[in-house]
Amino acid sequence: MTSVPNILVLGSLNMDLLLRVPRAPQAGETLIGHSLALLPGGKGGNQAVGCARQGAQVRLLARIGRDADGEALRAALAQDGIALDALQVDPQVPTGRALVMLEDSAQNRIVVLPGANAALQCDEAALAQHLQGVQFFVTQLESPLPVVLQAVAAARRAGCPVLLNPSPMQPLPDSLWPMLDTLVVNEIEAAAYAGCAVATPSQAAAAGQALRARGVARVVVTLGAQGAVTVEQGGCRLQPAPRVQAIDTTAAGDTFAGALAVALASGQDLAQATARGVRAAAVCVTRVGAQVSIPSAAEVDAQPEAPTSKELP
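These numbers were taken from a predicted model, which means no experiment stands behind them. Positions within a chain are numbered from 1, following the residues in the order the chain's sequence is written. Reporting in this predicted model follows two pLDDT cut-offs: at least 70 for local features of residues, and 80 or more for side-chain atom pairs to be given and counted; totals over whole chains, interfaces and linings ignore these cut-offs and use all residues. Only heavy atoms go into the side-chain values, all of them from the structure, while hydrogens and water stay out.

J.: Just to check I follow, could you spell out the environment of Ile82 for this structure?
T.: Comment: elements are numbered from the N terminus, with helices defined as DSSP H or I runs of at least four residues and strands as E runs of at least two. With respect to the helices and strands, Ile82 occurs in the loop between helix H2 (68-79) and strand S5 (87-90). Exposed residues in this analysis have more than 50% of their type's maximum accessible area, buried residues have under 20%, and partly exposed residues fall in between, with area computed by a 1.4 Å probe over protein chains only. Classification of Ile82 by relative accessible area gives buried; the value is 5%. Along the sequence, Ile82 and Cys51 sit 31 residues apart, while their C-alpha atoms lie 9.4 Å from each other. Those residues within four positions of Ile82 in sequence are excluded, and the remaining contacts are Ala48, Val49, Ala52, Val58, Leu60 and Leu77. We call two residues contacting when some pair of their heavy atoms lies within 4.5 Å.

J.: Is there a simple way to think about the sheet that holds strand S8 (residues 136-140) in this case?
T.: Two strands pair if DSSP finds at least two bridges between them. One open sheet holds the 10 strands; their spatial order is S5-S4-S1-S8-S9-S10-S11-S12-S13-S14, and the pairing between them is mixed. Of all the strands in the sheet, the pair left with one neighbour each is S5 and strand S14 (310-312). In this sheet, neighbouring strand axes are inclined to one another by 20 degrees on average, regardless of whether the strands run parallel or antiparallel. The sheet contact formed by strand S10 (residues 182-186) and strand S11 (residues 218-222) spans five bridges and is parallel. Its bridge partner being in S11, Thr182 is matched across the sheet by Arg218. Axes, fitted as lines to C-alpha atoms, cover a helix only where it is in contact. Angles between the N-to-C directions of the axes lie from 0 to 180 degrees. Running over the sheet, helix H1 (residues 43-53) touches strand S1 (6-10), strand S4 (57-65), S8 and strand S9 (162-165) and is turned about 160 degrees from S4. H2 rests against S4 and S5 of the sheet, and its axis sits at about 175 degrees to S4.

J.: How should the state of the cysteines be read in this particular structure?
T.: A covalent bond between the sulfur atoms of two cysteines is what we call a disulfide. Throughout, a disulfide means two cysteine sulfur atoms within 2.5 Å of one another. Throughout the structure, instances matching the rule amount to zero disulfides. As a non-bridged cysteine, Cys236 has Cys196 as the owner of its nearest cysteine sulfur, 12 Å distant.

J.: I tried to follow the nonpolar core on my own but got confused; where do I start?
T.: Taken as a class, soluble globular proteins show a tendency for nonpolar side chains to be buried jointly. Ranked by internal contacts, the top residues of the largest apolar core, which has 45 residues, are Phe137, Leu180 and Leu183. The biggest single contributor to this core is helix H4 (residues 145-157), with seven residues. For Phe137, the contacting residues outside a window of four places in its chain are Leu8, Leu10, Leu131, Ala151, Val152, Ala155, Cys160, Pro161, Val162 and Leu163. Buried residues of nine kinds, namely Ala, Val, Leu, Ile, Met, Phe, Trp, Tyr and Cys, make up a nonpolar core once their side-chain atoms join them within 4.5 Å. By size, the runner-up hydrophobic cluster in this structure holds 38 residues, among which are Val58, Ala241, Ala261 and Ala265.

J.: What should I look at first to understand the sheet that holds strand S3 (residues 35-41) in this one?
T.: One open sheet accounts for four strands, arranged S3-S2-S6-S7; its pairing is mixed. Each edge of the open sheet carries a strand with a single partner, namely S3 and strand S7 (108-113). The mean angle between the axes of side-by-side strands here comes to 20 degrees, regardless of whether they run parallel or antiparallel. Direction of pairing for strand S2 (residues 14-21) relative to strand S6 (residues 96-103): parallel, over a ladder of eight bridges. Bridge pairing in S6 places Asn14 opposite Gly96.

J.: Help me out: how do you make sense of unusual backbone geometry in this one?
T.: A negative phi angle is the norm for most residues apart from glycine, just as the trans form is the norm for most peptide bonds. The omega torsion of the bond from Ser167 to Pro168 falls at -5 degrees, within 30 degrees of zero and hence cis. Although it is not a glycine, Ala106 adopts a positive phi angle of roughly 85 degrees. Overall, the relative accessible area of 4% leaves Ala106 in the buried class. Even without a glycine there, the phi angle at Ala251 is positive, about 70 degrees.

Okay, here's the thing in structure tokens:
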């Protein structure tokens, strides 16, 4: 496997309005906040940055508006060396925005205004060209579902493994599951798609097995501070997370997905790649913001090794 993986990401770009508050206000209540900042975000952009900072060559297929937010996002992505020749510019619809309310407890509440993301288009010929030589295709669900499905099918035809992070969650066709090499879901998404409760590692393993029964090759269920559970043909394992003091969980899942994708594209097995993802996410949650909080490969390397994984029944 190449030492510098080539990854194509399809997804959203948003300018995040990060509002820091003591806690979320109750209905009808007014609170005094701490601060407001504009920071680059969007799940597609976050995962592209996550892949790039782990050493991959990354191309991003996304759509921005012809406005100041779009230019700022473009400039931020370029700083990470992300190829932007597939970046679309909408002449009428503004760049997407997300309001992120971050509480002192590190919990966040997010509302996304899709903007230009909702108008993302997928040209078959261009997509086929972008997929040449790619080790992994990574996508999420902040882009129009028909475009995501079209791109996944194209990646499948090209023989390129697909990593899907189905967030924000929405109903998916049965035909999609067998096209996925790696499915990354949190406990809420796993519970909804598998139709069972997911709060413990054992429950996560059961949900992952139910999703594999639909045709997915490998499933990873992230459990926040508990770590992540891997489910594949060889069995189920829990990868515990390092103990850290979380400040902001924004982009932690995207950081995990990016590090996981790069590790898999580099030839690591699922357990090794998940350990890498968990370590990267543990760094991310100790910082505020989305893309600004995503660590580099060197920063992840400097962290203590993740705890030893455990086999689950």
